[in-house]
Amino acid sequence: MNSTARRAAAATASTLVLTLGLTACGRDDDDTGSAGSDSGTDTEISEGPASGTVEVWAMGTEGELLPELAEQFEADNPDVTVEVTPVPWDSAVQKINTAMATGEVPDVLQAGTTLMSGFVELDGLAETPDSIDSSAFFPGAWETTVVDGTSYGVPWYVETRVLYYRTDLAEQAGVDEPQSWDELTAFAAGMQDAGAEHGIALQTNGEGTALMYFPFYWQAGGEIMDDAGEFTLADDAQVEALGYYSSFMADGLAPQSLVEDEKVQDFIDGELGAFVSGPWERSNLLTTAGDDFADKFAVTALPADEQAASFIGGSNLAVTAEAANPDAAWKFVEFATEPDVQVDWFEISHDLPAVQASWDDETLAGDESLVVYGEALETARSTPALPTWSEIEHELNLIIEQVVNGQLEPAEAAQQMQDAADSVGTGLG
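Thresholds applied
- Residues numbered from 1 in each chain as written.
- Predicted model: local features only at pLDDT ≥ 70, side-chain atom pairs only at ≥ 80, totals over all residues.
- Heavy atoms only, no water.
- Helix = DSSP H or I, 4+ residues; strand = E, 2+ residues; numbered from the N terminus.
- Buried < 20%, exposed > 50% of the residue type's maximum accessible area, 1.4 Å probe, protein only.
- Contact = heavy atoms within 4.5 Å.
- Phe/Tyr/Trp six-rings, centres within 6.5 Å; stacked < 30°, edge-to-face > 60°.
- Salt bridge = Lys/Arg side-chain N within 4 Å of Asp/Glu carboxyl O.

Draft legend 1. Quick peek at the overall build of the chain. If you tally the helices and strands in the chain, you get 17 helices and eleven strands. In the chain, which comprises 429 residues, the proportion classed as buried is 54%. A fraction of 76% describes how many contacts in the chain between residues 6 or more apart in sequence connect residues 24 or more apart.

What follows is the structure, encoded as structure tokens:
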């Protein structure tokens, strides 16, 4: 379909009066209380089966596997065809930005949580219907769909960070899974006493450093922004968290420079006692060391200080503002976030469900390591959905690196973080 025809179809579709059954996304028929999105839109989703074609762009492995899930949707909606286009992650942003500029957009696209604000800035995403229940999702996941108070998508799958540790070294050291910051320090020291060169590894440089660090800031009670939308980075929690984070490197408990490619092998060799990472790391370990290595390590939630917190990432599903078939598109999004379908998708892709009710299924509830992730997701947080966040994060990475290297004191670094964020700004109107 050419762009003129697509926009004509979109205009026709936008006149539909859409309604959504309250059973969507785990919502109870009698639950008429909490509203769904923060958008205030009166858009809803029509009852009955979908029809027409739904074009979906999905990234990486998800794009390759999604047709299997789409077949289930087509079976329930025989008058609809789902066309999935896999898009490599490294070219996704450019491809989507170009599509939004020309109007040649899909109906549904997969959007990484940190990319949402950029697409919203291009007026490229439709607001989430009010009838989708935000409380069905992990709170931190829902926050990633919200830009300047309005939701523009639905969480699809999630990931968070936990502590991977060598169980044999912990047993030899006589240390239990850490529940507090002091216990994490003692845990890392115990791993060294048991023979590891380093008790723990934390990121110290390059892209991603801030994402590794921010859980510690949140644990100390810090907030990146206040309710008024102002940055609040130069607070006591920042000073405390920077001092604590850098202490592992200063005291020799963690390597001064983390080489990502060496981390997994050092852990397998027993040279590294623990590290922080996401759910993908389990398969990396077993692929490298073999399935027997599963008995040598375990995962546990990051310990709390003032509060529990970790970073939440993943991807959302969003309907484009110029979608040719928005009604069927939202139906597909609704389908993909039903609790049982989320479990099906986990079994297909190993992506963790964003819908909380899915975690009650024995497929997830029966796996001890997955339970750890589920509990961590309950308090996991996201960085602000700002068009300028990538620029701000780059500046924060450099400042944290200076603290870790002993070139900058935590108090001075906290103020520099505040100044950098203020200088870049939010990018919002």
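After that view of the structure, there is still more to cover.
Draft legend 2. Quick look at the packing of aromatic side chains. Enumeration according to the criterion identifies 24 aromatic pairs in this entry. Note on Tyr164 and Phe275: the rings are 5.1 Å apart at their centroids and 0 degrees apart in plane angle, and the pair reads as stacked. Here Tyr164 is found in strand β7 (residues 162–166), whereas its partner Phe275 is found in strand β8 (residues 274–277), with 111 residues between them in sequence. Taken as a pair, Tyr164 and Phe275 share a single burial class, namely buried. With a centroid separation of 6.2 Å and an interplanar angle of 45 degrees, the aromatic rings of Phe214 and Trp389 are classed as tilted.

Draft legend 3. Structural view of the environment of Ala58. Note that Ala58 resides in strand β1 (residues 52–59). Look at Ala58 and you get buried, because its relative accessible area is 0%. Considered as a pair, Ala58 and Val108 are 50 residues apart in the sequence and their alpha carbons are 8.5 Å apart. Aside from chain neighbours lying at most four places away, what touches Ala58 is Gly63, Leu66, Thr85, Pro86, Val87 and Gln110.

Draft legend 4. Just helix α12 (residues 326–336), in detail. Taking burial as the measure, the eleven residues of α12 include eleven buried ones, the bulk of the element. Of the positions making up α12, those classed as buried are Pro326, Asp327, Ala328, Ala329, Trp330, Lys331, Phe332, Val333, Glu334, Phe335 and Ala336.

Draft legend 5. Geometry of the environment of Val146. With respect to the secondary-structure elements, Val146 resides in strand β4 (residues 146–147). Sequence separation between Val146 and Glu127 is 19 residues, and the spatial gap between their C-alpha atoms is 9.6 Å.

Draft legend 6. A look at the pattern of salt bridges. Scanning all chains against the criterion turns up five salt bridges. Of the charged contacts in the structure, one is a salt bridge between Arg161 and Glu159, with a shortest N-O distance of 2.5 Å. Of the charged contacts, one joins Asp168 and Arg166 as a salt bridge, the two residues approaching to 2.7 Å between their closest N and O atoms. A relative accessible area of 29% means that Asp168 is categorised as partly exposed. For Arg166, a relative accessible area of 6% corresponds to the buried category.

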